[in-house]
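So you can see what is in the structure, the chains are spelled out below.
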Amino acid sequence: MSRNRFSAPRGTQDLLPAESPRWQALQARFAEICSARGYGEIRTPIFEETELFVRSSGETSEVVGKQMYTFEDRGGRSITLRPEGTAPALRAALEHRLIQPGLPLRMWYLVQNFRYERPQKGRLRQHHQFGAELVGSDSPLADAEVIALAWQFLSDLGLKGLTVRLNSIGRAATRSAFREKLLAHIAPWLADQTEENRARAEANPLRLFDSKDQEIAELMQDAPLILDVLEPESRVRQAALEAELDRLGVGWTLDPRIVRGLDYYTDTVFEIQSGALGAQSAVSGGGRYDGLVEEIGGPPTPSVGFGMGIERLLLILEAEGLVPSPPSGPIFLVCQAQDRAAAEALAGEIRGRGQTAILDLDGRSIKGQMKLADRLGARFSVILGEDESARGVVSIKRMADGSQTEAEPGSDEFWSIMES
RNA sequence: GCGGAUGUAGCUCAGGGGUUAGAGCGCCUGACUGUGACUCAGGAGGUCGCGGGUUCAAAUCCCGUCUUCCGCCCCA
């Protein structure tokens, strides 16, 4: 409680032992599904040279503008805690010559990201993401593969009520032409905005499409759409992607409001949204970033990827009642001091069979040990007592119903009870 | 960064100026000298988020601050 001298910093969370199995299960599942598609795990430093993120995300992006945890290290270098996963993964791939022409590179990761924001439910200053990147293909099949990967992972978890929101924001040149067009449309409105709103709108008017403000929503109602001015190539890609997603059984809807906040996206952008998250509706987001590798000093390399918020995913799982059943309880060995050695030996055998075995540490009475077994959620208490050892058996009590039998420790009968 | 709520026992919450601040659940001890969970009887645990102010008197009113939550911004 608040008497504590220290507490977790604002917008951060501790992961406690009771919760960690859920994370481990998700991570195992994600690793499995990625591995099955040929994606290998990559781990990169938690901080990078600040310039990497400025270059990749863009000066005008919200992330770079006001959300980065940036500091100067003792050597005078500007360092930034990773705000997103894509740029570091690509930096590493480039640095270690993993990017080769004609050879698609598939990577997945689990990262912590840091963004200085006002915390809300599902929005933290340190949050975790799964992500996958498919580097080196400009085929719409690559876009589809990545979206299908995210979608398959989520739907395999049993999640309902998710929608894939798809859009295309075209090539850079198309976008800057479109930007002018859009600015012209909103000019009258822009005139009487606050300094801050105006600066934000002018920096990236596309973002207005995503606004939840009633007035802006109305303003954007009859705004021109970038979908209508796409270059032929972009149009072809979009059509091919839509067809491929249909073939893969991914349910998607076209949503011109999906514009994304990072400057590196080109053509395909998408979010996967859930109604269970309130204002932070996106559980996953990504898209194509054909210019990014070049931007950070590599060869032109068309690529596509996504990130997925783990805390948000857990919130959705909880909201949909998909909380996994707790792992089966441990086996508690009840004994008195003179039988301790035998109990420890038996505990070793139980552990060797892959089960959890626990003994008392504090010299409790038999009763005290039984009580402890109960509080630890034990499935069985195995009692090594005077009577039993005289007869070469142990008592086995099933805690759920209180039934009790005897068996010779290590016998087939013993193990068949333990594993039931 | 802007606007609005919130904080009382380990947990969920009641109490909205007046002697020692409550409930349920949880926890501890005993009834039970080899048996938990059930039942019964006891018990421990709170500088009422923190700091300041008003008052004879503050958990209660005022100001500040921190946390969490909601909306905006933005995103995962």
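See the structure above.
What you are looking at is a predicted structure, and each value in this text was computed from that prediction instead of being measured.

Conventions we followed
- Residues numbered from 1 in each chain as written.
- Chains lettered and ligands numbered in written order.
- Predicted model: local features only at pLDDT ≥ 70, side-chain atom pairs only at ≥ 80, totals over all residues.
- Heavy atoms only, no water.
- 1 Å grid on protein atoms, 1.4 Å probe; cavity = no way out; pocket = protein on both sides within 12 Å on 5 of 7 lines; lining within 4 Å.
- Points joined across faces, edges and corners; volume = space filled by probe spheres on them.
- Nonpolar A, V, L, I, M, F, W, Y, C, P; charged D, E, K, R; others polar.
- Phe/Tyr/Trp six-rings, centres within 6.5 Å; stacked < 30°, edge-to-face > 60°.
- Helix = DSSP H or I, 4+ residues; strand = E, 2+ residues; numbered from the N terminus.
- Buried < 20%, exposed > 50% of the residue type's maximum accessible area, 1.4 Å probe, protein only.
- Lys NZ or Arg CZ within 6 Å of the ring centre and 35° of its normal.

**Quick look at empty space enclosed by the protein**
Applying the stated criterion across every chain yields a total of two cavities of 30 Å³ or more. In this structure, the largest cavity spans a volume of roughly 40 Å³. Taken together, Asn167, Phe178, Leu206, Phe209, Leu225, Ile226, Leu227, Pro256 and Val259 form the lining of the largest cavity. Broken down by class, the residue content of the lining of the largest cavity amounts to eight nonpolar, one polar and no charged. What lines the second largest cavity is simply Ile42, Arg43, Thr44, Arg82, Gly85, Ala89, Tyr109 and Val111. Looking at the lining of the second largest cavity residue by residue, the classes come out as four nonpolar, two polar and two charged.

**A few points about the packing of aromatic side chains**
By the definition in use, this model includes nine aromatic pairs. Ring geometry for Phe130 against Phe153: centres 5.7 Å apart, planes inclined by 85°, an arrangement best described as edge-to-face. Residue Phe130 is located in strand 6 (residues 126-135), and its partner Phe153 is located in helix 5 (residues 140-156); the two are separated by 23 residues in the primary sequence. For the pair Tyr264 and Tyr289, a centre-to-centre distance of 5.8 Å together with 65° between the ring planes defines the contact as edge-to-face. Of this pair, Tyr264 sits in the loop between strand 8 (252-254) and strand 9 (268-274) while Tyr289 is found in the loop between strand 10 (282-288) and helix 10 (292-295), placing the two residues 25 residues apart along the sequence. Assigned by exposure class, Tyr264 and Tyr289 land together as buried. One aromatic cluster in this structure is built from Phe30, Trp108, Phe130, Phe153 and Phe306. The side chain of Arg125 reaches across the aromatic face of Tyr116, ending 3.8 Å from its centre.

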